[in-house]
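# Examining the three-dimensional arrangement
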Amino acid sequence: MPTAAKLISALILAAVGWLCAELVKPLFPEGQDLSKLSPTTATAGLIVGWFYLGPRADRGLGNVGANAGTTLFVQVFLTLFAFSFSKMISNSLRKRYDGPIEALQDIFLIGMDYAVEYTTAEVAAVAILGTFIASSSAFYAARKWG
């Protein structure tokens, strides 16, 4: 059921995802197609805000920080999984894996490589601050219009 907390958290987390993608773009090698980076991270923010943070927004002011931390983890995991899965599919179409288990294991290795290579202080600060703003805004929206 749509609620104000779900809408607010989804919109804010989509904006945080888009902004983090724009901060990460200069770190990629030149000539790489980054046309789907910002929309994919924004979509991950929408999904996490609507299905994860929004329903948990009315649990009390003391849970705002905990909700922000777990939301950050879920959004980063979902975004990295989406890009790692896409990379694994392109690698598997090039016949780089011996079997399906090796391909599935490589998803997590690719995700860890992406996390290590593209995490900067600016991206981390925007993500942490953005999820805290989303969590507190969703809490207040749930209290006011809940």
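## Looking at the environment of E102
Within the secondary structure, E102 is located in helix α4 (residues 100–118). Residues E102 and I47, spaced 55 residues apart in sequence, show a C-alpha to C-alpha distance of 28 Å. Once residues within four sequence positions are removed from consideration, E102 is found in contact with R96 and Y97.

## Focus on the packing of helix α1 (residues 4–24) against helix α2 (residues 37–53)
Orientation of α1 relative to α2, taken along the N-to-C sense of each, is 150 degrees, at an axis distance of 7 Å. By the angle between their directions, the pair α1 and α2 is classed as roughly antiparallel. The way α1 lies across α2 gives a crossing that is right-handed. Across the interface between the two elements, K6, L7, S9, A10, L11, L13, A14, G17, W18, A21 and E22 from α1 touch L37, S38, P39, T41, A42, G45, L46, V48, G49, W50 and L53 from α2. Its residues assigned to classes, the contact of α1 with α2 shows 14 nonpolar, 6 polar and 2 charged.

## Brief notes about the environment of T70
Mapped onto the elements, T70 comes out in helix α3 (residues 64–93). Taking the C-alpha atoms as reference, T70 lies 18 Å from A15; in sequence the two are 55 residues apart.

## As for α1
Here α1 spans 30 Å end to end across 21 residues, near enough to the 30 Å set by a 1.5 Å rise per residue. Residues A5, K6, S9, A10, L13, A14, V16, G17, C20, A21 and V24 constitute the buried set of α1. Taken down its axis, α1 places every buried residue within 165 degrees of arc, on the same side. As for α1, its buried residues are in contact with α2, α3, α4 and α5 (121–145).

## Points about the packing of α2 against α3
As a packed pair, α2 and α3 sit with axes 9 Å apart at the nearest point and diverge in direction by 140 degrees. When the axes of α2 and α3 are compared, the pair comes out oblique. As α2 runs across α3, the sense of the crossing is right-handed. For the pair α2 and α3, contact is made by L37, T40, T41, A44, G45, I47, V48, Y52 and L53 and by N67, T70, T71, V74, Q75, L78, T79, A82 and F83, respectively.

## What about the pattern of salt bridges?
Under the criterion given, the structure shown has 1 salt bridge. The salt bridge partner of E22 is K25, with a shortest N-O separation of 3.1 Å. Here E22 falls in the partly exposed class, since its relative accessible area comes to 34%.

## With respect to unusual backbone geometry
Phi is mostly negative for residues that are not glycine, and the peptide bonds are mostly trans. The phi dihedral of K95 falls on the positive side, at around 60 degrees, and the residue is not glycine. Within the fold, K95 resides in the loop between α3 and α4. Taking the relative accessible area as the measure of exposure, K95 reaches 74% and is therefore exposed.

Calculation criteria
Each chain carries its own residue numbering, running from 1 in the written order of its sequence. Where totals are concerned, whole chains, interfaces and linings use all residues; where local detail is concerned, this predicted model gives features only for residues with pLDDT of at least 70, and gives and counts side-chain atom pairs only at 80 or more. The side-chain values count all of the structure's non-hydrogen atoms but skip hydrogen atoms and water molecules. In this text, helices come from DSSP runs of H or I with a minimum length of four residues, and strands from runs of E with a minimum of two, each type numbered from the N-terminal end. Any two residues having at least one pair of non-hydrogen atoms within 4.5 Å are treated as being in contact. Fitting a line to C-alpha atoms yields each axis, with helices limited to the stretch in contact; the angle taken between N-to-C directions then spans 0 to 180 degrees. Comment on the angle field: the value is read as roughly parallel under 35 degrees, roughly antiparallel over 145, roughly perpendicular from 65 to 115, and oblique elsewhere. We call a crossing left-handed when the near helix sits turned anticlockwise from the far one by less than a right angle, and right-handed when that turn is clockwise. The classification used treats Ala, Val, Leu, Ile, Met, Phe, Trp, Tyr, Cys and Pro as nonpolar, Asp, Glu, Lys and Arg as charged, and all other residues, Gly among them, as polar. A helix is expected to span 1.5 Å for every residue after the first. Burial classes follow relative accessibility: with a 1.4 Å probe on protein chains only, a residue under 20% of its type's maximum area counts as buried, one over 50% as exposed, and anything between as partly exposed. Note: the arc covers the axis-to-C-beta directions of the helix. Any Lys or Arg side-chain nitrogen found within 4 Å of a carboxyl oxygen on Asp or Glu counts as a salt bridge.

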